[in-house]
Amino acid sequence: MLTLAKHGATFLLNSPFSKEEVWDNLPLIVQETILRNSIKVYTIDANQVAQDTGMAGRINTIMQTCFFAISNIFPQEKAIGMIKDSIKKTYGAKGDKIVRMNFDAVDKTVANLFEVTVPNKITSNKQMQPAVSGNAPDFVKEVTAKIIAGEGDLLPVSKMPVDGTFPLTTTRWE
């Protein structure tokens, strides 16, 4: 998830762990990348904010608010005002209750978004889990696993089935 992050990048993580716990729960390779590239880390438990505001499972507004709160594209108050205007436009027809729930989520987002204090050392020995089991068929290991890992753009065309169909029963390995 950080392979393209440049030096000094900002990383936003939706995590159930507190700002004090999140660092120790990151895999070793992620900690190495953060330290090597001096990446600034922010965390929020967007799922909990959504749950607390009656929007369980809907984190798009929360994550959008986080992005604008930490990106400095607009001053924070202006960005939040723009988000709320967009909420009115998008959800206004669904009623005031839905609009208020989204407004509440935006307001609670800022209160639950935290910068993580990144120590100057690696504290994790956790390894990234493979995208699929080592027992999977070759096609799944060589093609499907790359797609799952977000590396589908790196697949050569020659790895893709000529007729565009994937072998049967491969989804059980996902």
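Definitions and cut-offs
Residue positions are counted from 1 within each chain, in the order its sequence is given. Only residues with pLDDT of 70 or above have their local features reported here, since the model is predicted, and side-chain atom pairs are shown and tallied only from 80 upward, although totals for entire chains, interfaces and linings are computed over all residues. Hydrogens and water are ignored here; the side-chain numbers use all heavy atoms of the structure. Buried residues of nine kinds, namely Ala, Val, Leu, Ile, Met, Phe, Trp, Tyr and Cys, make up a nonpolar core once their side-chain atoms join them within 4.5 Å. Exposure categories follow from relative accessible area, calculated using a 1.4 Å probe and restricted to protein chains: below 20% of the type maximum is buried, above 50% is exposed, and the middle band is partly exposed. Runs of E in the DSSP output that reach at least two residues are strands. Runs of H or I that reach at least four are helices, and both are numbered from the N terminus. Here, two residues are considered to be in contact whenever any of their heavy atoms come within 4.5 Å of each other. All axes here are fitted lines through C-alpha atoms, helices being fitted over the stretch that makes contact, and every angle between N-to-C directions spans 0 to 180 degrees. Convention used here: angles under 35 degrees read as roughly parallel, angles over 145 as roughly antiparallel, angles from 65 to 115 as roughly perpendicular, and any remaining angle as oblique. Take the far helix as your reference; a near helix turned counterclockwise from it by less than a right angle gives a left-handed crossing, and one turned clockwise gives a right-handed crossing. Basic side-chain nitrogens of Lys or Arg form a salt bridge, by our definition, when they fall within 4 Å of a carboxyl oxygen of Asp or Glu. Whether two strands pair depends on DSSP finding at least two bridges between them. Polar here means any residue outside two lists: the nonpolar Ala, Val, Leu, Ile, Met, Phe, Trp, Tyr, Cys and Pro, and the charged Asp, Glu, Lys and Arg; Gly therefore counts as polar.

(A) Broad picture of the nonpolar core. Grouped together as the largest cluster of nonpolar side chains are 13 residues, with contacts concentrated most on Ile44, Met55, Ile62 and Leu113. Those elements that provide at least two residues to this core are strand E2 (40–44), helix H2 (46–52), helix H3 (60–71) and helix H5 (96–111). By residue number, the principal contributor to this core is H3, which donates 4 residues. Every residue in contact with isoleucine 44, bar those within four places of it in the chain, is listed here: Leu12, Leu13, Asn14, Ser15, Val49, Ile62, Met63, Cys66, Thr109, Asn112 and Leu113. One finds Leu2, Leu13, Val41 and Val116 within the second-largest nonpolar core, a separate group that totals 11 residues.

(B) Looking closely at the packing of H3 against H5. Their axes nearest at 9 Å, the elements H3 and H5 cross at an angle of 40°. Judged by the angle between their axes, H3 and H5 are oblique. With respect to the hand of their crossing, H3 and H5 are arranged in right-handed fashion. Across the interface between the two elements, Thr61, Ile62, Thr65 and Cys66 of H3 pack against Asn102, Ala105, Val106, Thr109 and Val110 of H5.

(C) Region of the structure containing the pattern of salt bridges. One pass over the full model with this rule turns up 4 salt bridges. Here aspartate 107 and lysine 84 are joined by a salt bridge, their closest N and O atoms 2.8 Å apart. Separated by 23 residues along the polypeptide, aspartate 107 in helix H5 and lysine 84 in helix H4 (residues 76–91) bring together distant segments of the chain. When its relative accessible area of 42% is taken as the criterion, aspartate 107 is described as partly exposed.

(D) Examining the sheet that holds E2 more closely. Strand order in the open sheet formed by 3 strands is E1-E2-E3, with mixed pairing between adjacent strands. The sheet is open, and its two borders are formed by strand E1 (10–14) and strand E3 (114–115), each paired with just one other strand. Where E2 and E3 come together, 2 bridges link them in antiparallel fashion. Within E3, the position partnered with tyrosine 42 by the bridge is glutamate 115. Running at roughly 155° to E1, H3 makes contact with E1 and E2 of the sheet.

(E) Spatial organisation of the packing of H4 against H5. At their nearest, the axes of H4 and H5 sit 9 Å apart, and the two run at 160° to each other. As the angle between them shows, H4 and H5 are arranged roughly antiparallel. The two elements H4 and H5 cross, and the hand of that crossing is right-handed. Residues Gln76, Ile80, Ile83, Lys84, Ile87, Lys88 and Tyr91 of H4 form the contact with H5, whose participating residues are Ile98, Val99, Asn102, Phe103, Val106, Asp107 and Val110. For the contact of H4 with H5, the residue count by class is 9 nonpolar, 2 polar and 3 charged.

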